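One-letter residues, chain by chain:
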Amino acid sequence: DVASAIAKETGISYMNKIVPYIRMIDDLEKGKADVIMLFPNERLNKNSINIAPLFPLENIVIGLKGTTYQSLKDLHGKVVGQVRGANYDDNLTADTSIEKYPTKNYQQNIGMLFNKRVHAIAGPYVSLIYAAGKLGYKREQLGEPLVLNSRNVCIFYSKITAKPQIISKLKNAIEKLKKEQTFEKILKNYQQF
């Protein structure tokens, strides 16, 4: 919905496509995708143009009802599901006392958690809550989240396909949509659980 709002505001023809995290970055680097929205990382910063920050998202670790994690130390010896290749928090990624179970997407994370194949899951709060709701679960079935950080989702443009006039249109559209609070309104729809 965010991508569609930006594209419509620019007047550029577009096609949204949802692909696994790693493929999204590969496609951007190869010029198979023009624009993606993700948290910044070294690979993206090196191989694409960061057009603008869009909105902040809280990254969390959450378990089932009755679980509370006060710190990463509480997760030592536990298995945390997270999307393959994603880095939601440098400290979580670096902590070798926490086993990370790579998943395909947020829905698989939720399934793994409710089937008790992982102790907790990591990712953006809004994405995990939305995925849980889509699978028929209620917020009350989840524990209290451990907030890892708040990071800006940014829009990245492939260096292979980038055009200065499109960059300018994207920046203007994003600025206008931010002033109109369009992104906040869209995100609220995904937090209805």
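Look above for the structure.
What counts and how
- Residues numbered from 1 in each chain as written.
- Predicted model: local features only at pLDDT ≥ 70, side-chain atom pairs only at ≥ 80, totals over all residues.
- Heavy atoms only, no water.
- Axes fitted to C-alpha atoms, helices over the stretch in contact; angles between N-to-C directions.
- Helix = DSSP H or I, 4+ residues; strand = E, 2+ residues; numbered from the N terminus.
- Left-handed = near helix turned anticlockwise from the far one by under 90°.
- Contact = heavy atoms within 4.5 Å.
- Core = buried A, V, L, I, M, F, W, Y, C linked by side-chain atoms within 4.5 Å.
- Buried < 20%, exposed > 50% of the residue type's maximum accessible area, 1.4 Å probe, protein only.
- Salt bridge = Lys/Arg side-chain N within 4 Å of Asp/Glu carboxyl O.
- Polar contact = N/O pair within 3.5 Å; in protein donor to acceptor, adjacent residues only side chain to side chain.

## With respect to the packing of helix α1 (residues 2-10) against helix α7 (residues 164-179)
Helices that pack against each other are described as a pair by the angle of their axes relative to one another and the distance between those axes. One can describe the packing of α1 onto α7 by two numbers: an axis separation of 9 Å at closest approach and a directional angle of 115 degrees. Here α1 runs over α7; the crossing is right-handed. Between α1 and α7, the residues in contact are A5, I6, E9 and T10 and K169, L170, A173, I174, K176 and L177, respectively.

## A closer look at the nonpolar core
I6, L54, V61 and L75 are the most contacted members of the largest nonpolar core, which totals 46 residues. By residue number, the principal contributor to this core is strand β6 (residues 146-158), which donates seven residues. Not counting residues within four places of it along the chain, the set of residues in contact with V61 comprises Y69, L75, L92, A120, I121, A122, E144, P145, L146 and L148. Ranked by size, the runner-up nonpolar core spans 15 residues in total, among them I62, M112, V118 and I129.

## As for the pattern of salt bridges
Under the criterion given, the structure shown has five salt bridges. Notably, a salt bridge pairs E175 with K179, separated by 3.5 Å at the nearest N-O pair. Of this pair, E175 and K179 both sit in helix α7, four residues apart, roughly one helical turn. Its relative accessible area of 65% is what places K179 among the exposed residues.

## Looking at the environment of N50
Among the structural elements, N50 can be located in strand β2 (residues 48-62). Classification of N50 as partly exposed rests on a relative accessible area of 35%. Each C-alpha atom, one on N50 and one on I155, is 6.0 Å from the other, the two residues being 105 residues apart in sequence. Beyond its immediate chain neighbours, meaning those up to four positions away, N50 contacts P40, N45, C154, I155 and F156. One polar contact links the side chain of N50 to the main-chain amide nitrogen of A52, over a distance of 3.4 Å.

## A few points about the side chain of N59
Inspection of the secondary structure puts N59 in strand β2. Not counting chain neighbours up to four residues away, the residues in contact with N59 comprise F39, Y88, G123, P124, L146, V147, L148, N149 and R151.

## Examining helix α5 (residues 106-114)
Restricting attention to buried positions, one finds in α5 the residues N109, I110, M112, L113 and F114. Taken together, the buried residues of α5 touch β2, β3 (79-83), β4 (99-103), β5 (120-124) and α6 (125-134). At the N-terminal boundary of α5, the capping side chain belongs to N105, with an oxygen 3.2 Å from the backbone nitrogen of Q107. With its phi angle positive at about 55 degrees, K116 sits one or two positions after the end of α5.

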